[in-house]
Amino acid sequence: MSRRTWMAVGCVAAAAALASGFALTRGAEVQPTAAPAAASPAEGQVAGVWQAPAGIRQLPIWPDGAPDMAGISQPPESVLTRHSPEAVDGDYSQAVFDVSEPTMSVFPARGQNTGAAIVVFPGGGFRAVVVTLEGTEICNWIAARGITCILSKYRVPRSNHYFDQDLGRAVTPDVPRALQDAQRTIRLVRSQADALGIEPDKIGVMGFSAGGYLVAQTSNILEPAYAPVDAVDRVSSRPDFAIAFFPGHICRRGGVFAPDLPVSERAPPTFLIAAWDDPTNEICNSTLYARALDQAGVPAEVHLFSTGGHAFGLRRDHSPDTVWPGLLETWLRERGVLGD
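Residues numbered from 1 in each chain as written. Predicted model: local features only at pLDDT ≥ 70, side-chain atom pairs only at ≥ 80, totals over all residues. Heavy atoms only, no water.

*Asks:* Mind showing me how you'd approach the pattern of salt bridges here?
*Replies:* Should their charged atoms come close, side chains of opposite charge can pair. Using the criterion set out here, one finds eleven salt bridges in the structure. Measuring nitrogen to oxygen at the nearest pair gives 2.9 Å for the salt bridge that ties Asp181 to Arg155. Here Arg155 lies in the loop between β8 (148–153) and β9 (162–164) and Asp181 lies in helix α2 (residues 177–191), a separation of 26 residues in the sequence. Accessibility assignment for this pair places Asp181 and Arg155 in one class, buried. Among the salt bridges present, the one from Asp233 reaches Arg184, with a minimum N-O distance of 3.2 Å. One end of the pair, Asp233, is in the loop between α4 (210–220) and β12 (241–245); the other, Arg184, is in helix α2, with 49 residues separating them in the sequence. A relative accessible area of 7% places Asp233 in the buried class. Arg184 gets classed as buried once you look at its relative accessible area, which sits at 2%. (Salt bridge = Lys/Arg side-chain N within 4 Å of Asp/Glu carboxyl O. Helix = DSSP H or I, 4+ residues; strand = E, 2+ residues; numbered from the N terminus. Buried < 20%, exposed > 50% of the residue type's maximum accessible area, 1.4 Å probe, protein only.)

*Asks:* When you look at the packing of aromatic side chains in this model, what are you seeing that I'm missing?
*Replies:* Here a ring pair, both rings aromatic, is described through the centre-centre distance and the interplanar angle of the planes. In the structure shown here, the tally under the stated rule is ten aromatic pairs. Ring geometry for Trp62 versus Tyr226: centroids 4.8 Å apart, planes at 85 degrees, classification edge-to-face. Placement of Trp62 in the loop between β2 (57–60) and β3 (78–83) and of Tyr226 in the loop between α4 and β12 is noted, with a sequence separation of 164 residues between them. Here Trp62 and Tyr226 have matching classes, each one buried. When the ring of Phe245 is compared with that of Trp324, the centres are 4.8 Å apart and the planes differ by 80 degrees; the resulting orientation is edge-to-face. Highlighted residues: Phe245 in strand β12 and Trp324 in helix α6 (residues 324–334), separated in sequence by 79 residues. Neither Phe245 nor Trp324 differs from the other in exposure class; each is buried. Taken together, the ring pairs in this structure connect Trp141, Phe208, Phe245, Phe246, Phe312 and Trp324 into an aromatic cluster. (Phe/Tyr/Trp six-rings, centres within 6.5 Å; stacked < 30°, edge-to-face > 60°.)

*Asks:* It is not clear to me how the environment of Val171 should be interpreted in this structure. Could you clarify?
*Replies:* Relative to the elements of secondary structure, Val171 occurs in strand β10 (residues 169–171). Excluding residues that lie within four positions of it along the chain, Val171 makes contacts with Asn160, His161, Tyr162 and Asp164. (Contact = heavy atoms within 4.5 Å.)

*Asks:* Honestly, the sheet that holds β3 in this entry has me stumped. Any pointers?
*Replies:* Adjacent strands of a sheet form backbone hydrogen bonds with each other and so pair up, either parallel or antiparallel. Ordered by their spatial adjacency, four strands build an open sheet running β1-β3-β4-β7, and the pairing between neighbours is antiparallel. Edge positions in the open sheet fall to β1 (44–47) and β7 (128–130), since each of these has one partner strand only. Going across the sheet, the axis of each strand differs from the next one's by a mean of 25 degrees, ignoring polarity. Summarising the sheet, β1 and β3 pair through four bridges and their orientation is antiparallel. Bridging from a neighbouring strand, Val46 pairs with Val79 of β3. In the packing of helix α1 (residues 132–143) onto the sheet, the strands contacted are β4 (92–97) and β7, and the crossing angle to β7 comes to about 40 degrees. (Pairing = 2+ DSSP bridges. Axes fitted to C-alpha atoms, helices over the stretch in contact; angles between N-to-C directions.)

*Asks:* Quick question: what am I supposed to make of the environment of Leu304 here?
*Replies:* Residue placement: Leu304 occurs in strand β16 (residues 300–305). It is 5.9 Å that separates the C-alpha atoms of Leu304 and Ile273, two residues lying 31 residues apart in sequence. Once residues lying within four places of it in the same chain are set aside, the contact partners of Leu304 are Ala274, Trp276, Ile283 and Thr287.

So this is what it looks like as structure tokens:
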């Protein structure tokens, strides 16, 4: 099955659904992605709520259900599983569809706790959430470095800027539900810093493809994208550092910077990585954003690889997959997130 590139013209990177090797079309043949080290579930798409790996705490992020869901009709949550012998933490991959009850899953720091935390936003083109290649595998890598990892399962579909296949163009929804969930997750993590064993000023974000857009949004949109629901919403949602892998949705039709993404001098230091041959999210998403950050006086480090395509994670044992971990660790040390 050929990979689909859900872009309008230029870099409307609306379908990082391929972000996991999945072609995220319900009922279509699917290519593999990643998963936790456990007994392999049966292949195929089944109704049911995705559960975090054994021993990982998974919590709802809203006390009384997610906001702004009135009038939203969608099927119940379902999980698509495919056999993936190349997976880092097992031999299968999963993507989650039709999320209406967002959660966060806490992967505790292992070894010497640095006191830092990273909230991870997987990709999926705001059509699905790819919870293994860009979720559990990444969180296990982060936790092994003494950093608490928070895996975000945010609402989809059509929960942020996305490409509508029926209309043949990109659409920005009136309510950015995925951004609401992302902001709420950061606030919740910061409000629970003591319980999580982290420092409230060492909370970063990491996102892949569509999740990279959430990194850019949470870095710059600091006012709540929803009506506050409790005391947690008085806590800041600004991340202290930001990491975006092959982000999408920033470089719009004709190479124009996203008009609904204000870039603030309050944005945190940012690390970006992408490949020139990415067929889904062109590098202008990374370069335009880095330039905007620099013009705002915000430090931005960009790594562009000649090859690598889209959705490289930790699996394939060649550049950039074997290179970015060392580059990122160096950058995190320079930020004081990792020790010497």
